[in-house]
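# Structure at a glance
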Amino acid sequence: MSSSAVDPEGEPIPTSAVLMASAKHIATRCRAENVAFLKCKKEDPNPEKCLDKGQQVTRCVLSLLKDLHQRCTKEMDAYAGCMYYHTNEFELCRKEQKEFEKACPLE
């Protein structure tokens, strides 16, 4: 894994470790988009019908990741790096999680 959660253009790289480390923030900030997407999927089994809702979820998550990286780069990178190293085992990264959530508290 690279030492940063963004690519050279400053766009977030949504690896599993980055997404797992950001999960609480995603659940909070992108709740409305996720609920709308899941509701759409429940109401219509045709995947095409919910593409726009899925794109809204993706946009929300990428925007959030970019914001988190700008606000708390060091802590986010340390937490995501720990999650990557320990194959997304939260229990092994509590110290980094605490520092990340302190630097970028849930809104």
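I will try to describe carefully the structure that is included in this document. In this text the structure is predicted, and so the values were computed from the model without any measurement.

Calculation rules
Residues numbered from 1 in each chain as written. Predicted model: local features only at pLDDT ≥ 70, side-chain atom pairs only at ≥ 80, totals over all residues. Heavy atoms only, no water. Helix = DSSP H or I, 4+ residues; strand = E, 2+ residues; numbered from the N terminus. Buried < 20%, exposed > 50% of the residue type's maximum accessible area, 1.4 Å probe, protein only. Lys, Arg positive; Asp, Glu negative; His and termini not counted. Salt bridge = Lys/Arg side-chain N within 4 Å of Asp/Glu carboxyl O. Disulfide = S-S within 2.5 Å. Core = buried A, V, L, I, M, F, W, Y, C linked by side-chain atoms within 4.5 Å.

## As for the side chain of E75
Within the secondary structure, E75 sits in helix α5 (residues 73–85). Buried charge without a partner: E75 forms no salt bridge, and the closest opposite charge is K74, 4.4 Å away.

## Digging into the environment of S63
Tracing the backbone through its elements, the reader meets S63 in helix α4 (residues 51–71). Exposure remark for S63: the relative accessible area of 43% places this residue in the partly exposed category. Separated by 33 residues in the primary sequence, S63 and C30 have C-alpha atoms spaced 9.9 Å apart.

## So, the pattern of salt bridges
As enumerated under the stated definition, the model contains four salt bridges in all. When the shortest N-O distance is used, the salt bridge between R29 and D67 registers 2.8 Å. Placement of R29 in helix α2 (residues 23–29) and of D67 in helix α4 is noted, with a sequence separation of 38 residues between them. With relative accessibility at 31%, the residue R29 sits in the partly exposed group.

## Description of the state of the cysteines
This structure, assessed with the given rule, holds four disulfides. Here C72 connects covalently by a disulfide to C104, the sulfurs 2.0 Å from one another. Across the S-S bond of C72 and C104 the torsion is about -110°, and the bridge reads as left-handed. Here the residue C72 occupies a position in the loop between α4 and α5, and C104 occupies one in the segment after α6 (94–103), the gap between them amounting to 32 residues. Assigned by exposure class, C72 and C104 land together as buried. Two residues share a disulfide in this structure: C82 and C93, whose sulfurs sit 2.1 Å from each other. Here the disulfide of C82 and C93 is left-handed, its torsion about the S-S bond being about -95°. Of the two residues, C82 is situated in helix α5 and C93 in the loop between α5 and α6; the sequence distance between them amounts to 11 residues.

## Brief notes about the nonpolar core
In terms of nonpolar packing, the biggest core is built from 20 residues, with V61, L68, M76, Y79, M83 and F100 touching the most fellow members. Those elements that place two or more of their residues in this core are α1 (16–21), α4 and α5. Per-element tally for this core: the top contributor is α4, with six residues.

Remember, this is a structural readout, not a statement about activity or role.
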